[in-house]
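For reference, the chains in residue letters:
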Amino acid sequence: MLPQTADVRERMIVALDFATMEEVKQCLSVLHGRIRYVKVGMELSYAQGPSIVNYLKDQGLKVFLDLKIHDIPNTAKGAMRSLAKLGMDMVNVHAAGGLAMMEAAREGLEQGTVAGAPRPLLIGVTMLTSTSKRTMNEELLISGEVEDTVLHYAKLTKQAGLDGIVASPLEVPFIKKELGDSFITVTPGIRPLGADQGDQTRITTPEQAFRLGSDYLVIGRAITAANDPVAAWERIVEAVEEDRANQA
Ligand code: C5P
């Protein structure tokens, strides 16, 4: 687990789920000076090209490139080798791609990282936070509880030498217990009290997520689609800091 004393702003990753640069620039200007870490997903990356990472790094932001690579090992390796040159801080693969694919992705990332630069964190997506038990059992044909699949994928991710996983905050306590505090947990499915659940199913509030031990929270629409994104951001920071003070 990352230090409790760490500034929570460094641990809250804002999902830039937009297609246009106008929307990105508008969001960054509104939240300027507040946000430190952003996430580029498929929508933005496919619309603007991978150089969007350079643009965001030039703005002084840390970048999580959320492309959820899932392919044969050789292709995953090549993809990571190419992506590494962008210099993002974090990138991910689907753990469902299996051990060999994750190992190949890690090797590709290591090979592609510019000499002297730190290798970006490599994270395995366990089970999407939009996936319910019913979807997992009846559509994906994976029997049992979501938690069992998440833990199995998390173990596989660690075995492949990755740095951590993406999961629901609800799953963090047992992942940390089984795999250790230093195994990083990145958690979407964050909904402040009263926020619209949308398509997410395994959700918590931001303060619950940190209390459960999440290292990084991924927060999208609760901030970016709010009428007042600054107020939404500040409310979350205040709720988290208040909760931490109450626990100290
Ligand atoms: O708007 P919202 O807070 O639901 O956005 C969550 C973000 O986290 C989205 O960009 C989504 O792609 C991403 N994500 C997720 N579940 C995962 C991995 C990533 O929701 N398991």
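Just above sits the structure.
Note that this is a predicted model, so its numbers are computed, not measured.

So, how was this worked out
Residues numbered from 1 in each chain as written. Predicted model: local features only at pLDDT ≥ 70, side-chain atom pairs only at ≥ 80, totals over all residues. Heavy atoms only, no water. Helix = DSSP H or I, 4+ residues; strand = E, 2+ residues; numbered from the N terminus. Buried < 20%, exposed > 50% of the residue type's maximum accessible area, 1.4 Å probe, protein only. Core = buried A, V, L, I, M, F, W, Y, C linked by side-chain atoms within 4.5 Å. Contact = heavy atoms within 4.5 Å. Near = heavy atom within 4 Å. Polar contact = N/O pair within 3.5 Å; in protein donor to acceptor, adjacent residues only side chain to side chain. Areas by Shrake-Rupley, 256 points an atom, 1.4 Å probe, with all protein chains shown as cover. 1 Å grid on protein atoms, 1.4 Å probe; cavity = no way out; pocket = protein on both sides within 12 Å on 5 of 7 lines; lining within 4 Å. Sits in = over half its atoms within 2 Å of the grid points. Pairing = 2+ DSSP bridges. Axes fitted to C-alpha atoms, helices over the stretch in contact; angles between N-to-C directions. Expected span 1.5 Å × (residues − 1). Parallel < 35°, antiparallel > 145°, perpendicular 65-115°, else oblique. Left-handed = near helix turned anticlockwise from the far one by under 90°. Right-handed = clockwise from strand over helix to strand, strands pointing away. Salt bridge = Lys/Arg side-chain N within 4 Å of Asp/Glu carboxyl O.

Could you give an account of unusual backbone geometry, naming the residues involved and the relevant values?
Even without being a glycine, lysine 68 presents a positive backbone phi close to 45°. Here lysine 68 shows up in strand β3 (residues 62-69). Classification of lysine 68 as partly exposed rests on a relative accessible area of 22%. Residue leucine 141 is not a glycine yet carries a positive backbone phi of 60°.

Go over the nonpolar core with me, naming the residues and quoting the values.
Core analysis: the biggest nonpolar cluster contains 62 residues, and Leu16, Leu56, Leu65, Met80, Leu83, Met88 and Val93 have the highest contact counts within it. Excluding anything up to four places from it in sequence, leucine 16 contacts Val24, Cys27, Leu28, Val38, Lys39, Leu44 and Leu56.

Residue-level account of the site of the ligand, with values.
Close contacts around the ligand come from 16 residues, with Asp17, Lys39, Arg191, Gln200 and Arg221 the closest. Take lysine 39: an N or O atom from its side chain is 2.7 Å from an oxygen atom of the ligand. Taken by itself the ligand offers 470 Å² of open surface, and the protein chains cover 88% of this. With respect to the pocket detection grid, the ligand is positioned in the largest pocket. Secondary-structure elements contributing two or more residues to the shell around the ligand are β3 and β8 (216-219).

Describe the sheet that holds strand β5 (residues 121-125), listing the residues and the values that go with them.
Sheet strands associate in pairs through backbone hydrogen bonding, adopting either a parallel or an antiparallel arrangement. Ordered in space as β1-β2-β3-β4-β5-β6-β7-β8, the eight strands form a closed barrel in which the pairing is parallel. Taken pair by pair, the neighbouring strands of this sheet meet at an average axis angle of 25°, ignoring direction. As defined by bridge partners, strand β6 (residues 164-166) adjoins strand β7 (residues 184-187) across three bridges and the pair is classed as parallel. The residue of β7 that forms the bridge with isoleucine 165 is threonine 185.

Please set out helix α5 (residues 99-112) residue by residue, giving values where relevant.
Along its 14 residues, α5 runs 20 Å from first to last C-alpha, staying within 8% of the 20 Å computed at 1.5 Å per residue. The set of residues buried in α5 consists of Met101, Met102, Ala104, Ala105, Arg106, Gly108, Leu109 and Gly112. The inward-facing, buried residues of α5 contact β3, α4 (73-84), β4 (90-94), β5 and α7 (146-159).

Any details on the packing of α4 against α5? Residues and values, ideally.
Direction vectors running N to C along α4 and α5 enclose 30°, while the axes themselves pass 7 Å from each other. In terms of axis orientation, α4 runs roughly parallel to α5. Helix-helix and strand crossings are classified by hand; for α4 and α5 the assignment is right-handed. Contacts between α4 and α5 involve Pro73, Ala76, Lys77, Met80, Arg81 and Ala84 from the first element and Ala100, Met101, Ala104, Ala105, Glu107, Gly108, Leu109, Gln111 and Gly112 from the second.

Account for the pairing of β3, naming residues and giving values.
For β3, the tally of buried residues reaches six of eight residues, placing the bulk of the element in the interior. Where strand β2 (residues 37-40) meets β3, four bridges bridge the pair, whose relative direction is parallel. The residue of β3 that forms the bridge with valine 40 is leucine 65. By the bridge criterion, three bridges tie β3 to β4 in an arrangement that is parallel. When the sheet's bridge partners are listed, isoleucine 69 is paired in β4 with valine 93. For the segment spanning β3, α4 and β4, crossover handedness is right-handed.

Can you lay out the pattern of salt bridges for me, pointing to particular residues and giving the numbers?
Considering all chains together, one arrives at 20 salt bridges under this definition. Glutamate 145 serves as the salt-bridge partner of lysine 133, at 3.6 Å between the closest nitrogen and oxygen. With lysine 133 in helix α6 (residues 133-139) and glutamate 145 in the loop between α6 and α7, this pair connects stretches of sequence that are 12 residues apart. Take lysine 133: its relative accessible area is 36%, and that puts it in the partly exposed class. One salt bridge in this structure joins arginine 134 and glutamate 138, with 3.3 Å as the shortest N-O distance. Here the residue arginine 134 and the residue glutamate 138 both occupy positions in helix α6, the gap between them amounting to four residues, near one helical turn. Note on arginine 134: relative accessible area 43%, which makes it partly exposed. Classification of glutamate 138 as exposed rests on a relative accessible area of 54%. Residues joined in a network through salt bridges with shared partners are Asp7, Arg9, Glu10, Arg36 and Glu241.

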